[in-house]
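Structural characterization, general
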Amino acid sequence: MVRSRPFFRARKGAATAAALTAATASLLTAGAAPATAVSASGQGSVKNYVALGDSYAAGTGLAQQTNAACGRSVGSYPWWIAETYKPAVFKDVTCSGATTRSLWNQEGPAAPQVNALTRDTDLVTVTLGGNDLGFSDVLTTCVLAGLTTREGTPCRDKAAKDVDAGFAELNTRLPDMLTDIKRRSPDARVVVVGYPNPFPADGSACGSSGPLAKGDVAWLHRTTNRLNVMLQLAALTKQAEYVDTSSAFRDRDMCSPSSGQWINPLLPRTPGSAHPNAVGHLMTASKVYERLEK
């Protein structure tokens, strides 16, 4: 079981939804981990939980890292879920930079993620696909273009062809991914967790912390939505479940006022740039929990 010291401790008799709300308030006001925990009505109902995914699942940029090479943190949404249900076995194999290929191939220090799956696994969460589109490289291209001009779509003009090619490949890889997960863990609930949208639909609100051309911000917003639609359709066709996170993050993106951001801005550059912050992971966990309790 992959664990370090708990991110928070359980409080008996508390309803999970209320505890999540209280924990969120604690994070918003104190900017630190809450003192109390989530106690779930379904506590113990999950016995063997495997978390698959990239940096958006690993908690890259958060405090209390458990694996620096992969950017894993006990503040990530899978750890909130694990501490909620307290499974006997919890394997967090998420890793920054992971693609759908990382499920089957070793990348850097990380073993193939599917190796964590067994026939006893009864819950799998997975957030993958962004890196298949070259998300980091695209953002770098967009920032460099935005430093030159804030008008037009200079990044889209350079990167759209490669992004479209990535989508074409994902269209087959995502169903294959879910098929193999279900083959290895046939009795598991497989939950595909969508990406919170880091970009507002209207790029005019982005300032120096998000140096992107206005048209490119709108394009990046649409591209993230397009990825989420593809993830949702793959989940539907392969009898998996899907969790939408973007609606919860509306007006909490990287271009929102800093006091209300659930996604870190692009600048200043940090490991967590353009990734959910501590509150963002907490709210993602809340959306996953809502789905699991249905």
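Residue numbers run consecutively from 1 along every chain, following the written order of its sequence. With pLDDT at 70 or above as the cut-off, local features in this predicted model cover only qualifying residues; side-chain atom pairs require 80 or more to be listed or tallied, and sums for whole chains, interfaces and linings still use all residues. The basis for the side-chain values is all heavy atoms of the structure; hydrogens and waters are excluded.

**Things to note about the overall build of the protein chain**
Formally: Strands here mean DSSP runs of E at least two residues long; helices mean DSSP runs of H or I at least four residues long; both are numbered from the N terminus. Here's how the labels work: a residue is buried when its accessible area is under 20% of the maximum for its type, exposed when over 50%, partly exposed in between, all with a 1.4 Å probe on protein chains only. By the convention used here, residues are in contact when the closest approach between their heavy atoms is within 4.5 Å.
Regarding its fold elements, the protein chain presents seven helices and seven strands. Sequence-ordered secondary structure for the protein chain, helices as α and strands as β, is α-β-α-β-β-α-β-β-α-α-β-α-β-α. A burial count over the protein chain gives 56% of its 294 residues as buried. In the protein chain, of all internal contacts separated by at least 6 residues, the share reaching a separation of at least 24 is 75%.

**Observations regarding the packing of aromatic side chains**
Put simply, the rule is: Ring pairs shown here join Phe, Tyr and Trp side chains whose ring centres sit within 6.5 Å, with only the six-membered ring taken for Trp; geometry is labelled stacked below 30 degrees between planes, edge-to-face above 60, and tilted in between.
Enumeration according to the criterion identifies six aromatic pairs in this entry. Ring centres of Tyr56 and Tyr195 lie 5.3 Å apart, and the angle between their planes is 65°; this geometry places the pair in the edge-to-face category. With Tyr56 in helix H2 (residues 55-58) and Tyr195 in the loop between strand S6 (189-193) and helix H6 (214-237), this pair connects stretches of sequence that are 139 residues apart. Assessed through its relative accessible area of 7%, Tyr56 is described here as buried.

**Some remarks on the pairing of S6**
Spelled out, the test is: What makes two strands pair is DSSP finding at least two bridges between them.
Within S6, four of the five residues are buried, which leaves it mostly tucked inside the rest of the structure. Taken together, the four bridges between strand S5 (residues 123-127) and S6 define a ladder with parallel strand orientation. The residue bridging Val124 from the neighbouring strand is Val190, located in S6. The pairing of S6 with strand S7 (residues 241-243) spans three bridges and is parallel. In the sheet register, Val193 faces S7, and the bridge partner there is Val243.

**Some words on the sheet that holds S7**
Consider a sheet: its strands pair through backbone hydrogen bonds, and that pairing is either parallel or antiparallel. Let me state the cut-off plainly: For every element, the axis is a line fit to its C-alpha atoms; helices are fit only across the contacting stretch, and the angle between N-to-C directions ranges from 0 to 180 degrees.
In space, the five strands of this open sheet follow the order S4-S1-S5-S6-S7, with parallel pairing throughout. Each end of this open sheet is capped by a strand with a single partner; those strands are strand S4 (89-92) and S7. Pairwise comparison of adjacent strand axes, ignoring direction, gives a mean angle of 15° for this sheet. Two strands pair when backbone bridges link them, and strand S1 (residues 48-53) and S5 are joined in this way by five bridges, in the parallel orientation. In the sheet register, Val50 faces S5, and the bridge partner there is Val124. Across the sheet, H6 touches S6 and S7, and the angle it forms with S7 is around 155°.

**Some points on helix H4 (residues 135-146)**
Selection criterion: Given the number of residues in a helix, its expected span is that number minus one, multiplied by 1.5 Å. Note that the arc is computed from the directions linking the helix axis to the C-beta atoms.
Counted at 1.5 Å a residue, the expected span for H4 with its 12 residues is 16 Å, and the 16 Å between its end C-alpha atoms agrees. Along H4, the residues that are buried comprise Phe135, Val138, Leu139, Cys142, Val143, Ala145 and Gly146. Summarising the axial view, the buried residues of H4 lie within an arc of 165°, below the 170-degree limit, and thus occupy one face. The exposed residues of H4 that point more than 90 degrees off its buried face are Asp137 and Leu144. Buried residues in H4 make contact with H2, helix H5 (154-184) and H6.

**A closer look at the pairing of S1**
Counting buried residues in S1 gives six out of six residues, a clear majority hidden from the surface. Alternating positions in S1 separate into two faces, Asn48, Val50 and Leu52 on one and Tyr49, Ala51 and Gly53 on the other, with burial throughout. Summarising the sheet, S1 and S4 pair through four bridges and their orientation is parallel. Note that in S4 the partner of Ala51 across the bridge is Asp92.

**Description of the pattern of salt bridges**
Side-chain pairs of opposite charge can arise whenever the charged atoms involved come near each other. Convention followed: Here, a salt bridge means any side-chain nitrogen of Lys or Arg that lies within 4 Å of a carboxyl oxygen of Asp or Glu.
Under the counting rule described, the total for this entry stands at nine salt bridges. Measuring nitrogen to oxygen at the nearest pair gives 2.9 Å for the salt bridge that ties Arg184 to Asp180. Of the two residues, Arg184 and Asp180 are both situated in helix H5; the distance of four residues between them amounts to about one turn of the helix. The class for Arg184 is partly exposed, based on a relative accessible area of 26%. The exposure class assigned to Asp180 is buried, which follows from its relative accessible area of 9%.

**Focus on unusual backbone geometry**
Of the consecutive residues Leu267 and Pro268, the connecting peptide bond is found in the cis state with omega at 5°. A positive phi angle, close to 50°, is found at Lys86, a residue other than glycine. Tracing the chain through its elements places Lys86 in the loop between helix H3 (77-85) and S4.

**Regarding the state of the cysteines**
What counts, and what does not: The definition used for a disulfide is geometric: two cysteine sulfur atoms within 2.5 Å.
All chains considered together, the criterion is met by three disulfides. With its sulfur 2.0 Å from that of its partner, Cys142 forms a disulfide with Cys155. In this structure, the disulfide formed by Cys142 and Cys155 twists by about -70° around the S-S bond and is classed as left-handed. Pair noted here: Cys142 is in helix H4 and Cys155 is in helix H5, with a separation of 13 residues, a long-range link.

Take it as geometry only, folks, not as evidence of what the structure does.
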